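Overview (structure and organization)
Below are the chains, spelled out letter by letter.
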Amino acid sequence: MAAGQEPGGVLKDRAWACRCRVILACATGVSNKDVAAQLGSTPHAVGRWRKRFVEHRIAGLGDMPRSGGPPTVTDE
C-alpha cells in the first residue's frame, strides 16, 4: 500500500466512479433496466443508487454506515 493511501482507496474510487456513471446514465431518462444493460450492472443496483441520489443527492452515493459491531481484524 502506498504511503498515505487509505485501505480500500482504489476500490472506493472505482465504486464512486461506477455510482456516478449510473446517475449520469439515469439523467438521460432511460429505465433502470436499460442503464443496467448499458453499464453491466443489475436493475436492482441501478434503482438503489437512483433512489439514494434522489433522497440524499451526491452524499447518497457514498458508503453508508453498516450494521453490526466494529471490525475485529486489524492490519497488523
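Looking now at the nonpolar core. Formed by Val22, Ile23, Ala25, Cys26, Val35, Ala36, Val46, Trp49, Phe53 and Leu61, the largest nonpolar core amounts to ten residues. Among the elements that line this core, the one with the most residues is helix α1 (residues 9–26), at four residues. Leave out the neighbours within four places in its chain, and Ala36 touches Ser41, Thr42, Pro43 and Val46.

In this section: the confidence of the model for the chain. Mean pLDDT over the chain stands at 81; residues scoring 70 or higher make up 79%. Within the model, pLDDT remains below 50 along residues 1–5, and this stretch shows three contacts once partners closer than five positions in the same chain are excluded.

Turning next to the packing of helix α2 (residues 32–39) against helix α3 (residues 43–56). Two elements in contact, α2 and α3, have axes whose closest approach is 8 Å; the angle formed by their N-to-C orientations is 110 degrees. Judged on the interaxial angle alone, α3 and α2 are roughly perpendicular. In this structure, α2 meets α3 at a crossing whose hand is right-handed. Contacts between α2 and α3 involve Asn32, Lys33, Val35 and Ala36 on the former and, on the latter, Pro43, Val46, Gly47 and Arg50. Classifying every residue of the contact of α2 with α3 by side-chain character gives four nonpolar, two polar and two charged.

What follows concerns the pattern of salt bridges. With the rule as written, the count across this model stands at one salt bridge. Its salt-bridge partner being Lys51, residue Glu55 comes within 3.7 Å of it at the nearest N-O pair. You can see Glu55 and its partner Lys51 sitting in helix α3, four residues apart, about one turn around the helix. On the accessibility criterion, Glu55 (48% relative accessible area) is partly exposed.

This next bit is on α3. Compared with an ideal rise of 1.5 Å per residue, which puts 14 residues at 20 Å, α3 spans 20 Å between its outermost C-alpha atoms and is within 8% of the ideal. For α3, the set of buried residues is Ala45, Val46, Trp49, Arg52 and Phe53. Taken end-on, α3 shows its buried residues confined to a sector of 135 degrees, consistent with a single buried face. Facing away from the buried surface of α3 by more than 90 degrees, the exposed residues are His44, Lys51 and Val54. Of the residues trailing α3, Arg57 is marked for its positive phi of about 55 degrees.

Cut-offs and rules
- Within each chain, residue numbers correspond to sequence positions counted from 1 in written order.
- Local features in a predicted model are, by the rule used here, given only for residues with pLDDT of at least 70; side-chain atom pairs are given and counted only at 80 or more, and totals for whole chains, interfaces and linings are based on all residues.
- Derived side-chain values reflect all non-hydrogen atoms in the structure, with water molecules and hydrogen atoms excluded from consideration.
- Residues belong to one nonpolar core when they are buried, are Ala, Val, Leu, Ile, Met, Phe, Trp, Tyr or Cys, and are joined through side-chain atoms within 4.5 Å.
- Each residue gets one of three labels from its accessible area relative to the maximum for its type: buried under 20%, exposed over 50%, partly exposed in between, using a 1.4 Å probe on protein chains only.
- Each helix is a run of DSSP H or I of at least 4 residues and each strand a run of E of at least 2, with the numbering of both proceeding from the N terminus.
- In what follows, residue pairs with any heavy atoms lying within 4.5 Å of each other are defined as contacts.
- Confidence per residue, as judged by the predictor, is encoded in pLDDT with a range of 0 to 100.
- Axis definition: a line fitted to C-alpha atoms, limited for helices to the stretch in contact. Angles are taken between N-to-C directions and run from 0 to 180 degrees.
- Note on angle classes: values under 35 degrees are labelled roughly parallel, values over 145 roughly antiparallel, values of 65 to 115 roughly perpendicular, and the remainder oblique.
- It is the rotation of the near helix from the far one that decides the hand of a crossing: anticlockwise by less than a right angle makes it left-handed, clockwise makes it right-handed.
- Lys, Arg, Asp and Glu make up the charged group, whereas Ala, Val, Leu, Ile, Met, Phe, Trp, Tyr, Cys and Pro make up the nonpolar group; the residues left over, Gly among them, are polar.
- Any carboxyl oxygen of Asp or Glu that lies within 4 Å of a side-chain nitrogen of Lys or Arg is treated as forming a salt bridge with it.
- One less than the number of residues in a helix, times 1.5 Å, gives the span that helix is expected to have.
- Along the arc lie the directions from the helix axis toward the C-beta atoms.

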